[in-house]
Structures are given as structure tokens and as C-alpha cells.
Amino acid sequence: MKSKSNFWVILAALTLGLTVSFSSAQAFSESSSLVNNNRKPELVFPVISDVHIDNSSTIDDEKFKAAMNQLNKVAPDQDAFVVVGDLTDYGYETEYDKFFSIYNEKKQDGVNSLFTMGNHDYWNGLSIKDAQTRFLEKTAMESIYYHKKVNGYHFIALSPEDSTTHGLYTVDQINWLKKQLEAAEKDNPGEPIFVFLHQHIKDTVYGSDLWGTQENKELLYDTLKEYPQVITFSGHSHYPLEDPRTIHQKDFTSVGTSSVSYLELEPGKLQGFHPQGYRDISQGMVVEVYNNEVVIKKRDFHKDNWVGDPWVIKYPAKKNKFNYTEDRDHINPVFPTKADASIIEEKSTLRSLTIEFPQATDNLLVHSYQIKAKNLKSGEYDADFKAFSNFYYDPIPKKLEFPINGLQLGTTYEIEIQALDSFGNTSKTKLKTEGTTKALEMVSTQASPTLVTNGESTSIQVKMKNYGSKGVNGKIKIDAPTDWTLVNHEIAYELTGYEEKTLNVKATPSEAISGASEFTVTAYEGEQKIGSKDVQVLVNMMLGQNFDYLQSSLKPAVNEDIPDSILGWTSETPNGWTITNSSHMPAGTIEWQGWSFTTKDFWTKADTQEREDFDLGQGVIAVADPDEWDDNGSPASTGYFDSTLTSPSIKVKGDQNLSLGFASHYKQEGIQTAEVTAVFDNGEKQQVLIYDNKSTSDNGNSHVLNKYEVKSINVPEEASSMKLKWRMYNAKNNWFWAIDDIRLDDQMIVPPN
């Protein structure tokens, strides 16, 4: 639809050079011509956001390339291309260069490029002004907020004016917006006006309650609400396009654009705001404008497919004709006829039951489920939580399986499941089933001692506990490595009600053994297997530590939202080991206040983000996690994470060449630094390993995930003892470092398989 007056020429002279007019050939998306009865749109433009190109990985580069390739395929004749913020992860010059090397190669000839700043584009250590200058130089935009005209339609781009998460749109920028809206309305009365900004306007689209801009929100909203023809596009939250609340209409239309980089969701559900596979999900949209409607088509880049039906906005826009309102849906979700839930017995544990049930259906979307576990003995609900329906996966699973944690041992529960849609409607039918938790636990397994020399023996200790009132019996089987002699390979046991008992098996290595040996301990109740654990013993080494000795010291969560029934962390150290935190390190999340010892289960319940990929870490592991540390009280806003884990003193000989090995799981970000240092009794220090943001370091400014590091140490002539220090410092709200299976010897350490 073309301009209806020459007003734009006058306006260009009045807006300090911030308004530019463009025109191009009529665009047409072949992919949607059939949907729209072979009508050719007057305007076509993709909108994406939150690309997050970063220096430490090429994963987001590949996602961006895939998105551009698909958008070129489904919209081969684009008039404009819009990115609404967070082009980069930190606004580094090299990140912008990577972004535009991809964009300039893939963009269509003659397309009008529009970019807005996001909060991440400020996070480069520059001043606000300098960060904005870098954005303008790299993107070639005329200002951080500007007004363009494409094929007769008005495009108004806004940008936050500081680096805060919720973004600042100043009064000056909003007053400027008001003038642009007045001019656009005068130029094209009643026709669509497209407004682009990074942060959502609070209390509009899905995710705006937590991730919407706050300061001057009322002024911004009130400025826009005078123009029902406005459509805003905003990103920032990373919330998925599948949820119908991602489009919102009240006084104007608001649209969330999801993210090219990764998915995020609202907190408070079982899967967390970063559910499994969240980094695999990548989305965006294509907008097509016709003479009486705007069609917004949603795209799954990770599936190379469309997401549901397009959103269609009719014009001329009238508030009383809006379809995508907050009260648009009053239909309840429904479970299939004769649907039922069941307990997966083989996945039941002492403190949890695993349920399975079919998905409910809804006219728009089943968003989540309310799940309750009623203790039939006490009548109390020991578990009451919500779980996402996994609606963000494609295809959506037909059946769901969820663990119900935090239950009492040996107790029968009635499980109740109710479906919820995105607008709070609930299923009238509730699925119900019953299940009983286990009562017998293999509490811990360990070797004492864990480091022996030839001729010495160790004791494989297995602690069993019966939490029920009835007696139980069973057996323990121990599979030993070759060349170990065990007094018994199988032990029978009997436990009365509530009894705890530790079973011991003496194990002795042959003279031929050196290095690491692993035992597998399996516990049975009767003939039914209830659990299996591995135990490691090191033979003829100078130092060996896997932290599993700390199993009996593990405690429940304090600050983390993890059920009390899960014992998973401690700051207590093994004998001779110490943890030293810098006196300048602010207090944060208690569980991660410096180095901590934890199980992988507990750690990944705190958050995933590739923590779960530390396969070399078994049993109890040592973790330094500035990311989780900063989640309580934001200590990174006032100081740095700085913590050192120190080994006991180790006897050494001058001029000795030693080999150090340990399992390492590390993610790099910013100036965060991790190092291993050997400190000798003669005062000398030797840096054994360093991870940081330099290309010359052991990690080459990249992540080091699930790697067994082997490093050499040269003992000075005068030294007779040595301590090893693992230090994590210069860390804000960055990533993490986990270690396990530490070995030191005067022979070359051979990494485990």
C-alpha cells in the first residue's frame, strides 16, 4: 500500500536525519501464496531476535546460518530484514564481525536491514555511549532509534539506552516515538505501523511479566495505545512461539519473537526455565502484509518447519474487533476418553514415584499440568507442583512421564493430575492412580582407604538402611577387577524395621597392580535389584582423591529449590584438604559459596546448561559454580567469585618429574579464570594449568567439557613437599568448573576410558 501524501518529505527534514524513506519491488513469499489464495503481499519481512553470537563457540553461528537459509527459502523476495536486539552475547567487536560475516553473505540483494540494540549488546565493558557507537559503526544504523519507510509502510525502531536487563526507554525517546506515530498516521491513516524494540512492554505478551521493560512503561504504553494499527515486535525473553499468549491485543498488537539462540520459559515448573534440550530450539517469523491484513508466520528453524497456524491481524484495526485478547479463551482442556495414569514401578525410588499419562487436548494449547501426591496415611499433600506439557517440542509427545520427588519412604500415595491451558482453564477430569515408594536404600558405598600400596588392604563398605517398619533381607554383590582378592564376592543381609547396617568386604591388590581400580557394588532386596554404585581405589600413587568419602556428609539444599529429601552437597572437605575463599568474595548462594562437593544429580537439579554432560565425574564431585553462586543476592554486582581448593601436603623429591591427572568440566565466559598451581615448601610456585579468555591458554578461550587433563610437574631441586591448588577467580555471573578423579604419580598418568 503506497503513501497517500507527500508528508514524509517534510517529516524527513524535521527529525534530525533519523528518518529515511525506502521503496522496493513488491515482495512475494512462495511458501505462503497458497495459504493466502495466491494473493501477492505488498510487503514481506522476517523478524528474528536474540541471535547471541559469541566468541567462545560456533554453535550460534550455525543456528544463525540455518535461520537465514530457511528465511531465504520461504521468503525469497524480502523487502526488509529485522533483528530486534542481542545480535551478540557481549557486544564485542569480534562478535559483531562474526554476525555480519554471516548476515552479509546470506542477506538478499536490496533488502532494507533494521537492527535494534539489546541489553547483551552493551555488555562489553565500554561506556554506554561507546557501546552505542560500536553498535552504530557495526550495523550502519543512523541512530539507536530511527524511522524508516519500506514499500509505503512505516517501520519505527527503538533501542534500550542502558545495559540493564529490563532496559531503559527514556522519556526523550518516547516523546520522539510519539512524533513518529503522529507522522505515520497522517501519512498513511489507519494502515499498519510496525514498531520494533528488544524488551517486551511489561504485561503484554507471554514473558513480559518477568522480562518486560519497567521504567517509563506506562508512558511507553500510553503513547502506543492511541494507535490500534500499531504492531510491536519484541524479543528478550526467549519464550516460545507455540504459546498463544505470544501475541497480545488490547489497545494495539504486541508480538513476541522468541530467539534464534535458545529457548527460555517461566520459572516454577518441574522442568525449570531451561528444560532439557532448550539450546536446540531456534525460532523466528516471517511477516506478510496485504491490503486488508497482516499475516505473521512462525518458524521452527531447528525443525525447518512452520509453527502452528499463522496469526492474522485484520485492517483497518479496531480494538473491539481484536481476536488475540487476554480473555479470548474459556474452553477447558480435555483428557482422552478412558485415559488413565500409571506408576512406572522400575523407576520408583525411596523418595519418588514416576508417573505416566496421555496428553490432554485443548482448542489452543495444553500448557502444563498440576500434579499432586496425597499421603494416604497422613492425608497431607507431600508434593504439589506444575510441569510443562513439553509443548515447545516438535512433535509434542503423546505421553508424558514425570518424577514426583520429595515423598516419604515406604509410603502409599494417591497421585492426581489436572491439565491447564495458557489462559488458566483447567480440565474438569483429574487422572488418578496410586503408588508406594521404596523402603530400602543403599545409602553409600566407599573404600577405606581409597589409596593403598602393594600389600595393603582396603575395606569396601556398603551402608544399607531400612526405612520401613517391616524386616527385609537381600544380598550385596561385588564385582572386583582382575588381580584383586576379596574375602567375599557376595554377602547376605537382614535388616529389621528401621535398622541401618554397614557391610564390609576386605579387598587386597596383587603386587602387579598399579593405578586405578574400580569395583561395582550391587544391592538386592530378595532377588530384585535396588541399586548399583561404583567404588574406585588407587594403588601405588602419590595422591588419589575422588571425593566419594564425603557421601555420608551430604546435606539438603539451603538456597536452591531442591527437595529436602535429596542430600547432595557439603562444604566439608576430605582429610587434609582445605577450601579458601577470598576475603573480598561477597556472600551468595550458600551451596556454591566457593568450592563445594556435590553429586551430579543435585548439581543438575540446580541447573543444567551442560552440567549434566560431566560423564567423567562420578559419585561426589568438586564444583566451583559462580553462575549459581550469583543467583542469591546477586553478589557478582559487588565483587568477584574467588575460591581455592588445596590438597594435603605431598612428599616429593628434588628434580622429580610428576604426572597430574584429573577429570575437568569447564565453561569459559568473560575474564573468568581457572588455574592449577603447584606450591612447594621452598617457596616456589609452578602454574600447571590455566583456563581463561586468551587463545594461548590451555582452553584456548573455549569450553573444556568432560576432559581428563594430564599435566607434568617438575619438582625444584630444594623441594621436599608440595601442595596442589585449584583456583577459580575473576568470575562474575559466569559459568562453572567441576573436577573429579584426581591422580598424582611419578609415572605417567593414563587417562581413564
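Above this text you will find the structure in question.
Just so you know, these numbers come straight off a predicted model, no measurement behind them.

Colleague: So what's going on with the pairing of strand S24 (residues 440–448)? Residues and values would help.
Modeller: Taken across its 9 residues, S24 has 7 buried, putting it largely inside the fold. Two strands pair when backbone bridges link them, and S24 and strand S26 (residues 458–466) are joined in this way by 8 bridges, in the antiparallel orientation. Following the sheet pairing, Gln 446 is matched in S26 by Gln 461.

Colleague: So what's going on with helix H5 (residues 171–187)? Residues and values would help.
Modeller: Taking 1.5 Å as the rise per residue, H5 with 17 residues should run 24 Å; its terminal C-alpha atoms sit 24 Å apart, in good agreement. Those residues of H5 lying buried are Gln 173, Ile 174, Trp 176, Leu 177, Gln 180, Leu 181, Ala 183, Ala 184 and Asp 187.

Colleague: Go over the environment of Thr 139 with me, naming the residues and quoting the values.
Modeller: Tracing the sequence through the fold places Thr 139 in helix H4 (residues 128–139). In this structure, Thr 139 is in contact with Leu 87, Phe 100 and Phe 115, ignoring residues within four places of it in sequence. Within polar-contact distance, the side chain of Thr 139 engages the backbone oxygen of Phe 135 at 2.7 Å.

Colleague: I'd like to hear about helix H3 (residues 93–106), residue by residue, with values.
Modeller: Between the first and last C-alpha of H3 there are 20 Å, a value that for 14 residues agrees with the 20 Å anticipated at 1.5 Å per step. The elements touched by buried residues of H3 are helix H2 (59–74), strand S3 (80–84), strand S4 (112–116) and H4.

Colleague: With reference to specific residues and values, describe the sheet that holds strand S23 (residues 431–436).
Modeller: Here we have 4 strands laid out as an open sheet, ordered S20-S19-S22-S23, and antiparallel in their pairing. Of all the strands in the sheet, just strand S20 (381–388) and S23 have a single pairing partner and so form its edges. Sheet twist, expressed as the average angle between the axes of neighbouring strands with direction ignored, equals 20°. Both strand S19 (residues 366–375) and S20 contribute to a ladder of 7 bridges, which runs antiparallel. If you follow Tyr 369 over to S20, its bridge partner there is Ala 387.

Colleague: Outline the sheet that holds S24, listing residues and values.
Modeller: With antiparallel pairing, 4 strands are arranged side by side in an open sheet as S24-S26-S30-S28. Each edge of the open sheet is held by one strand with a lone partner, namely S24 and strand S28 (484–486). On average, each strand axis in the sheet is tilted by 25° relative to the strand beside it, whichever way the strands run.

Colleague: Got a sec to walk through the environment of Ile 296? Specific residues and values, please.
Modeller: Turning to its location among the elements, Ile 296 is positioned in strand S14 (residues 293–300). Judged by relative accessible area, which is 0%, Ile 296 ranks as buried. Once the C-alpha coordinates of Ile 296 and Asp 309 are considered, the two residues, 13 residues apart in sequence, prove to be 9.1 Å apart. With residues up to four places along the chain from it excluded, the contact list for Ile 296 reads Phe 233, Val 255, Met 285, Val 286, Val 287, Pro 310, Trp 311 and Ile 313.

Colleague: Could you give an account of the nonpolar core, with specific residues and numbers?
Modeller: Ranked by internal contacts, the top residues of the largest apolar core, which has 78 residues, are Phe 45, Phe 99, Phe 155, Leu 158, Phe 194 and Phe 233. Beyond its immediate sequence surroundings of up to four residues, Phe 233 is in contact with Val 47, Val 84, Phe 194, Val 195, Phe 196, Leu 197, Val 255, Thr 257, Met 285, Val 287 and Ile 296.

Parameters at a glance
- Residues numbered from 1 in each chain as written.
- Predicted model: local features only at pLDDT ≥ 70, side-chain atom pairs only at ≥ 80, totals over all residues.
- Heavy atoms only, no water.
- Buried < 20%, exposed > 50% of the residue type's maximum accessible area, 1.4 Å probe, protein only.
- Helix = DSSP H or I, 4+ residues; strand = E, 2+ residues; numbered from the N terminus.
- Pairing = 2+ DSSP bridges.
- Expected span 1.5 Å × (residues − 1).
- Contact = heavy atoms within 4.5 Å.
- Polar contact = N/O pair within 3.5 Å; in protein donor to acceptor, adjacent residues only side chain to side chain.
- Axes fitted to C-alpha atoms, helices over the stretch in contact; angles between N-to-C directions.
- Core = buried A, V, L, I, M, F, W, Y, C linked by side-chain atoms within 4.5 Å.

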